[in-house]
Amino acid sequence: YASASSSTDPFSLSSMLASLPSALSPADLAVVSNKTQQIVNFGQVPKLVVLDDDPTGTQTCHGIMVVTDWEVPTLRAQLTNDLPGFFVLTNSRALTSRDASTLIQQVCRNLKQAAAEAGGVEFRITLRGDSTLRGHFPEEPLAVERVLGKFDAWLICPFFLQGG
């Protein structure tokens, strides 16, 4: 049990809040907002690639492709179509942590190659899983970083509106 008032406990609320970066100034926030709007307005939004650890993740999605293999030609076709993104069903949750890490690295290597073959298509990775308790966390994000480089941040967003 961590006390919220303990300043030496790394899991205390005050320690966690103190470790966060300072908020953006209004001028910096305006720059980020303007840049984001330019990217959206000029169609420069990178392709979203969702690596899904379990087939239940796509049940409430529509208007997006789900692929079940990660061969370079398959990924290249998805990176160059008109859709904003696609799911890659890895089913990595059914694997050991070591095998899941190996699989995610292979998918990322193939994505990198497919993007290069498609003329340098930009993409962003999202890892989708039902549960960090049943999935391979932090092994899968670390596997992505081994191939594609360090993330600026990891966002863990527990949310499933359709599940109530």
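The preceding data block contains the structure.
Overview of the structure.

Definitions and limits used
- Every residue gets a number counted from 1 within its own chain, in the order that chain's sequence is written.
- The predicted origin of the model limits local features to residues at a pLDDT of at least 70 and limits the giving and counting of side-chain atom pairs to 80 or more, whereas totals for whole chains, interfaces and linings rest on all residues.
- To get the side-chain values, all heavy atoms of the structure are used, and hydrogens and water are removed first.
- When the centres of two rings from Phe, Tyr and Trp lie within 6.5 Å, Trp using its six-membered ring, the rings pair. Their planes under 30 degrees apart give stacked, over 60 give edge-to-face, and anything left gives tilted.
- Every helix listed is a DSSP run of H or I at least four residues long, and every strand listed is a run of E at least two residues long, numbered separately from the N terminus.
- Only protein chains enter the accessibility calculation, which uses a 1.4 Å probe. A residue is then buried if its area is under 20% of the maximum for its type, exposed if over 50%, and partly exposed in between.
- Put simply, a nonpolar core is a bunch of buried Ala, Val, Leu, Ile, Met, Phe, Trp, Tyr and Cys residues held in one set by side-chain atoms that sit within 4.5 Å of each other.
- Pairs of residues are marked as contacts when any of their non-hydrogen atoms sit within 4.5 Å.
- Criterion for a salt bridge: a side-chain nitrogen of Lys or Arg within 4 Å of a carboxyl oxygen of Asp or Glu.
- For two strands to pair, DSSP has to find at least two bridges joining them.
- Convention used here: a crossover is right-handed provided that the path from the first strand, over the helix, to the second strand proceeds clockwise when the strands point away from the viewer.
- To get an axis, fit a line to the C-alpha atoms, keeping to the stretch in contact for a helix; angles then go from 0 to 180 degrees between the N-to-C directions.
- Angles below 35 degrees are treated as roughly parallel, those above 145 as roughly antiparallel, those between 65 and 115 as roughly perpendicular, and all remaining angles as oblique.
- Less than a right angle of anticlockwise turn of the near helix away from the far helix marks a crossing as left-handed, whereas a clockwise turn marks it as right-handed.
- Gly falls in the polar group here, along with every residue not listed as nonpolar (Ala, Val, Leu, Ile, Met, Phe, Trp, Tyr, Cys, Pro) or charged (Asp, Glu, Lys, Arg).

Remarks on the packing of aromatic side chains
- In the structure shown here, the tally under the stated rule is one aromatic pair.
- Relative to Trp154, the ring of Phe137 has its centre 5.6 Å away and its plane inclined at 70 degrees; by these criteria the two rings are edge-to-face. Taken together, the residues Phe137 in the loop between strand E4 (123-128) and helix H5 (139-148) and Trp154 in the segment after H5 connect sequence positions 17 residues apart.
- The exposure class assigned to Phe137 is partly exposed, which follows from its relative accessible area of 35%.

Digging into the nonpolar core
- With 21 residues, the main nonpolar core has Val49, Leu51, Leu79, Phe86, Val88 and Leu111 as its most contacted residues.
- The set of elements that each furnish at least two residues to this core consists of strand E1 (47-52), helix H3 (72-79), strand E3 (85-89), helix H4 (97-117), E4 and H5.
- The leading source of residues in this core is H4, at seven residues.
- Aside from chain neighbours lying at most four places away, what touches Phe86 is Lys47, Leu48, Val49, Val50, Ile64, Met65, Val67, Leu75, Gln78, Leu79 and Leu111.

Some points on the pattern of salt bridges
- In total, this model carries seven salt bridges according to the counting rule given.
- Of the charged contacts, one joins Asp52 and Arg128 as a salt bridge, the two residues approaching to 2.8 Å between their closest N and O atoms. Of this pair, Asp52 sits in strand E1 while Arg128 sits in strand E4; the two residues are 76 residues apart in sequence, bridging distant segments of the chain. There is no split in this pair, since Asp52 and Arg128 are both buried.
- One salt bridge in this structure joins Arg93 and Asp53, with 3.4 Å as the shortest N-O distance. One end of the pair, Arg93, is in the loop between E3 and H4; the other, Asp53, is in the loop between E1 and strand E2 (65-67), and 40 residues separate them in sequence.
- Judged by its relative accessible area of 18%, Arg93 falls in the buried class.
- A network of salt bridges, in which partner residues are shared, links Asp52, Asp53, Asp54, Arg93 and Arg128.

A closer look at unusual backbone geometry
- For the peptide bond that leads from Phe137 to Pro138, omega is 10 degrees, which places it in the cis range.
- Of note, Asn91 is a non-glycine position whose phi angle comes to about 55 degrees, a positive value.
- Along the chain, Asn91 falls in the loop between E3 and H4.

Remarks on the pairing of E3
- With four of five residues buried, E3 is to be regarded as a mostly interior element.
- Alignment of E1 against E3, held across five bridges, turns out to be parallel. By the bridge assignment, Asp52 is partnered in E3 with Leu89.
- Pairing of E2 with E3, which is carried by three bridges, proceeds in the parallel orientation. By the bridge assignment for E3, Val66 is matched with Phe87.
- Handedness of the crossover joining E2 and E3 through H3 is recorded here as right-handed.

What to know about the packing of H3 against H4
- Between H3 and H4, whose axes approach to 8 Å, the crossing angle comes to 55 degrees. Judged by the inter-axis angle, H3 sits oblique to H4. The way H3 lies across H4 gives a crossing that is right-handed. Residues Val72, Leu75, Arg76 and Leu79 of H3 lie in contact with H4, whose contacting residues are Val107, Asn110, Leu111, Gln113, Ala114, Ala115 and Glu117.
- Here the residues of the contact of H3 with H4 are counted per class, giving seven nonpolar, two polar and two charged.

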